Amino acid sequence: CEIFQPVTTKQFTPMQECPSDECKKNNSKGQLFLSTRASKFLPFQEVKIQEMADQVPVGHIPRTLTVHCHGTLTRQINPGDVVDIAGIFLPTPYTGFKAIRAGLLTDTYLEAQHVNQHKKAYDDLVVDARTFRRIEQYKNSGHMYEYLSRSIAPEIYGHLDVKKALLLLLIGGVTKEMGD
């Protein structure tokens, strides 16, 4: 007999005995085997979002919130993205001993319904002719190394050798291909 067990939580216990009418009628208590080929998997992503650094009050640490994304919303958010998320604010249900110990307190998460990206991907950027001319001008000047190193931490005066070292760490290196 084939039985489907929906899994709605992070943990689940596989069924030990077959609850079908056929097995109950025959009184057979055979062992059930999990079949991954017959299983249906849905995309899921757990994201931790943090409030922007410029919105954090002085002397406080940024607050974080867990967001659960399902279906088409998965893999839309990458680390460092600035996003607006609309969703349902829900409590994380505790079970067993943890529920007794927690009492009325519970963790919360956001069930994402819509994600709006603020930053555009590099493929979506449209470079106008003026910006393209400035890039060409910088490139033809022959001082690109100095321009780029000065653009690292411009609020810190001097330390040009440290900035050049950081630039080389960011973009330098050789390609290493592994055997596998």
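Cut-offs and rules
- Residues numbered from 1 in each chain as written.
- Predicted model: local features only at pLDDT ≥ 70, side-chain atom pairs only at ≥ 80, totals over all residues.
- Heavy atoms only, no water.
- Helix = DSSP H or I, 4+ residues; strand = E, 2+ residues; numbered from the N terminus.
- Rg over C-alpha atoms; globule rule 2.2 N^0.38 Å.
- Core = buried A, V, L, I, M, F, W, Y, C linked by side-chain atoms within 4.5 Å.
- Buried < 20%, exposed > 50% of the residue type's maximum accessible area, 1.4 Å probe, protein only.
- Contact = heavy atoms within 4.5 Å.
- Pairing = 2+ DSSP bridges.
- Axes fitted to C-alpha atoms, helices over the stretch in contact; angles between N-to-C directions.

**Some remarks on the overall build of the protein**
So, point 1. Helix and strand counts for the protein come out as 5 helices and 4 strands.
So, point 2. Seen in sequence order, the protein has helices and strands lined up from the N terminus as α-β-β-β-α-β-α-α-α.
So, point 3. Its C-alpha radius of gyration of 27 Å places the protein more than 25% over the 16 Å reference for a compact globule of 180 residues.
So, point 4. Taken along its principal axes, the extent of the C-alpha atoms in the protein is 85 × 50 × 35 Å.

**Quick word on the nonpolar core**
So, point 1. Grouped together as the largest cluster of nonpolar side chains are 9 residues: Val-47, Val-67, Cys-69, Leu-73, Ile-77, Val-83, Leu-110, Ala-112 and Val-115.
So, point 2. Sorting elements by how many residues they give to this core places strand β4 (residues 108-117) first, with 3 residues.
So, point 3. Contacts of Leu-110, omitting those with residues within four sequence positions, involve Leu-65, Thr-66, Val-67, His-68, Ile-85, Gly-87, Ile-88 and Phe-89.

**Regarding the sheet that holds β4**
So, point 1. With respect to topology, 4 strands assemble into an open sheet ordered β1-β2-β4-β3, the strand pairing being mixed. The open sheet is flanked by β1 (44-50) and β3 (83-91), the only strands paired with a single partner. Shown here is a sheet whose adjacent strand axes are inclined to one another by a mean of 40°, direction ignored.
So, point 2. The pairing of β3 with β4 spans 9 bridges and is antiparallel. Looking at the pairing, Ile-88 lines up with Glu-111 of β4.

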